[in-house]
Amino acid sequence: MAESKKRLPRVGLPTDARLATLALREGLPPSQWGENSEALYLTSSFVHPDAATAARRFADEEEAFTYSRFSNPTVLMMERRLAALEGTSGCIGTASGMSAIMLLVMGLLKAGDHVICSQSVFGSTIKLLQDVLGKFGVESTFVSQTDVDEWRGALRANTKLLFAESPTNPLTEICDIAALADIAHGADAWLAVDNCFCSPALQQPVKFGADFVIHSGTKYLDGQGRVIAGAVCGPEELLQSKLLPVMRSAGLTLSPFNAWVVLKGMETLAIRMRAQSDNALALARWLAEQAGVARVYYPGLESHPQHALAMAQQSGSGAAVVSFDVVGEGAAALRANAFSVIDATSICSITTNLGDTKTTISHPATTSHGRLSEAQRQAAGIGQGLIRVAVGLDDIDDLKADLLRGLAPLSK
């Protein structure tokens, strides 16, 4: 259905419509009923008037939806809206953020190709590239998120893709997107950036030269922890020619219901991101003053090593995730202290999801990065004393009091 996605009618928005307007209105025109809220098309297939028409539509000779594994009006509305926010010409929705990465690499790479990836990315991304794709002959090299020379030095003749998160999960390291884009393009490779932590409300990687943008719609795009979703944003031509055939055959499909939830979530994305980021900055500054805290990781703090770069790339915001190390001597004590802080909370939700309006708290070394080896965790800087707080819309003074219950005993 490659060509159909291009020909289906657009919403009649001004070409210079701004992000807040696009987040509310980009998608498809209303149906004949004139609904103001986007329709949810819960159907697995679509009926055709006759066999000849069905044949033309399945051959992409006539615009139409055919089967929801690869074409659905609600999913298309979500894709068009996210593409508009990211500033890309195309988008493909997927079942999850990890399936978006899988679709990207399956569509772009083959056995014998080489990927350079930050060693600080989400643990499942490392496992996918190294263990799963490695079985099929795709080679991976993991480098420092922030050392541009390491990225350049890892280039090989068969390097086809550079992959980074910015900020990273959970240490909020920032990569220089423009510098990595120059390295990738100089080697005739692509650059993909996972924009999950910032969302397009704060950062648009393609403005700095990225070719593809990855999203877990589960996070800020939904914003209330309701559904699992993912997406790949990028050039329409490449998405249609290289990724859509994989989607169509492999079934990494985003359900219409989940797409609808994300579609509606994007309507409040900008105001949520600003409010949650403001809360996160206030919490990070407070944590930096607590005796039970050894170090705070947050790009909005002047003490963050890539603070200036983050402000330039992220619209002057540090985003909404704060991580910190508790005090302690030795791995066992650090883990025990981290657990005691987490367990003392009564407001923060103890869960690994982020991007929710409810503040969440987690211990990355035993959850999101628990499947990594100790050596991999150490290379990524994830110790047993690290706690990640994805700051929501809870009252900031309540959050401080919630964390202080566990931190206060560590300062004695």
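Our subject is the structure listed above.
The rules we used
- Residues numbered from 1 in each chain as written.
- Predicted model: local features only at pLDDT ≥ 70, side-chain atom pairs only at ≥ 80, totals over all residues.
- Heavy atoms only, no water.
- Core = buried A, V, L, I, M, F, W, Y, C linked by side-chain atoms within 4.5 Å.
- Buried < 20%, exposed > 50% of the residue type's maximum accessible area, 1.4 Å probe, protein only.
- Helix = DSSP H or I, 4+ residues; strand = E, 2+ residues; numbered from the N terminus.
- Contact = heavy atoms within 4.5 Å.
- Axes fitted to C-alpha atoms, helices over the stretch in contact; angles between N-to-C directions.
- Left-handed = near helix turned anticlockwise from the far one by under 90°.
- Nonpolar A, V, L, I, M, F, W, Y, C, P; charged D, E, K, R; others polar.
- Salt bridge = Lys/Arg side-chain N within 4 Å of Asp/Glu carboxyl O.
- Pairing = 2+ DSSP bridges.
- Phe/Tyr/Trp six-rings, centres within 6.5 Å; stacked < 30°, edge-to-face > 60°.
- Right-handed = clockwise from strand over helix to strand, strands pointing away.

Here we look at the nonpolar core
Part 1: Counting residues in hydrophobic clusters, the biggest one holds 40 residues, and the most contacted among them are Met78, Leu82, Tyr220, Val262, Met266 and Leu269.
Part 2: Every element with two or more residues in this core is listed here: α2 (19-25), α4 (73-86), β7 (230-234), α10 (256-265) and α11 (269-287).
Part 3: Take this core: its biggest share by element is 7 residues, from α4.
Part 4: In contact with Val262, other than residues within four places in its own chain, are Met78, Gly217, Leu221, Asp222, Val227 and Ala229.
Part 5: Counting 31 residues, the second largest nonpolar core, distinct from the first, contains Leu109, Phe163, Phe212 and Leu244.

Here we look at the packing of α4 against α10
Part 1: Two elements in contact, α4 and α10, have axes whose closest approach is 8 Å; the angle formed by their N-to-C orientations is 35 degrees. The way α4 lies across α10 gives a crossing that is left-handed. Contact residues: α4 offers Thr74, Val75, Met77, Met78 and Arg81, while α10 offers Pro256, Ala259, Trp260, Val262 and Leu263.
Part 2: When its residues are assigned to classes, the contact of α4 with α10 shows 8 nonpolar, 1 polar and 1 charged.

Description of the pattern of salt bridges
Part 1: Taken as a whole and judged by the stated rule, the model has 14 salt bridges.
Part 2: Where Arg56 meets Glu62, a salt bridge forms, and the shortest distance between an N and an O atom there is 3.0 Å.
Part 3: Overall, the relative accessible area of 23% leaves Glu62 in the partly exposed class.
Part 4: Among the salt bridges present, the one from Arg152 reaches Asp149, with a minimum N-O distance of 2.9 Å. Of this pair, Arg152 and Asp149 both sit in helix α7 (residues 148-153), 3 residues apart, which is roughly one turn of the helix.
Part 5: In this structure, a network of salt bridges that share partners links the residues Glu38, Arg81, Lys264 and Glu267.

Remarks on the sheet that holds β7
Pairing between sheet strands relies on hydrogen bonds along the backbone, with the strands arranged either parallel or antiparallel.
Part 1: If you trace the 7 strands from one edge of the open sheet to the other, you get β1-β7-β6-β5-β4-β2-β3, paired in mixed fashion. One side of each edge strand has no neighbouring strand; the edge strands of this open sheet are β1 (90-94) and β3 (139-143). Adjacent strand axes in the sheet meet at a mean angle of 20 degrees, parallel and antiparallel pairs treated alike.
Part 2: In the sheet, strand β4 (residues 159-165) pairs with strand β5 (residues 190-194) via 5 bridges, with the strands oriented parallel. Bridge pairing in β5 links Leu162 to Leu191.
Part 3: Along the sheet, helix α5 (residues 97-108) contacts β1, β4, β5, β6 (212-216) and β7; its crossing angle with β6, the most-contacted strand, is approximately 150 degrees.
Part 4: Strands in contact with helix α9 (residues 236-250) are β1, β5, β6 and β7; relative to β1, the strand with the most contacts, it is inclined by about 20 degrees.

Observations regarding unusual backbone geometry
Part 1: The residue after Ser166, namely Pro167, is reached through a cis peptide bond having omega -5 degrees.
Part 2: Mapped onto the fold, Pro167 is located in the loop between β4 and α8 (177-186).
Part 3: In this structure, the amide linkage connecting Asn169 to the following residue, Pro170, adopts the cis form with an omega of 10 degrees.
Part 4: Its place among the elements puts Pro170 in the loop between β4 and α8.

Comments concerning the packing of aromatic side chains
Part 1: Scanning the model with the defined rule gives 4 aromatic pairs in all.
Part 2: Geometrically, the ring pair formed by Tyr67 and Phe70 is tilted, given 6.4 Å between the ring centres and 55 degrees between the ring planes.
Part 3: Here Phe70 falls in the buried class, since its relative accessible area comes to 8%.
Part 4: Measuring from centroid to centroid gives 6.4 Å for Phe257 and Trp260, while their planes differ by 35 degrees, and the two rings are tilted. Highlighted residues: Phe257 and Trp260, both in helix α10, separated by 3 residues, approximately one helical turn.
Part 5: The exposure class assigned to Phe257 is partly exposed, which follows from its relative accessible area of 39%.

Concerning the sheet that holds strand β8 (residues 293-297)
Part 1: Spatial strand order, β8-β9-β12-β11-β10: 5 strands in an open sheet with mixed pairing. Each end of this open sheet is capped by a strand with a single partner; those strands are β8 and β10 (349-350).
Part 2: Across the sheet, α11 touches β8, β9 (321-326) and β12 (386-390), and the angle it forms with β9 is around 15 degrees.

So, the packing of α5 against helix α6 (residues 123-132)
Part 1: Two elements in contact, α5 and α6, have axes separated by 10 Å at closest approach and are oriented at 35 degrees. In this structure, α5 crosses over α6, and the sense of that crossing is right-handed. In this structure, α5 contributes Met98, Ile101, Met102 and Val105 to the contact, and α6 contributes Ser124, Thr125, Leu128, Leu129 and Val132.
Part 2: Residues that form the contact of α5 with α6 fall into these classes: 7 nonpolar, 2 polar and no charged.

Focus on the pairing of strand β2 (residues 114-118)
Part 1: Along β2, 5 of the 5 residues are buried, which leaves the element largely enclosed by surrounding structure.
Part 2: Of the two faces of β2, the one carrying His114, Ile116 and Ser118 and the one carrying Val115 and Cys117 are both buried.
Part 3: As defined by bridge partners, β2 adjoins β3 across 5 bridges and the pair is classed as parallel. The partner of His114 across the bridge, within β3, is Glu139.
Part 4: You can see the chain leave β2, run along α6 and come back into β3, and the turn it takes is right-handed.

Some points on the side chain of Ser99
Part 1: In this structure, Ser99 sits in helix α5.
Part 2: Not counting residues within four places of it along the chain, the set of residues in contact with Ser99 comprises Thr94 and Leu252.

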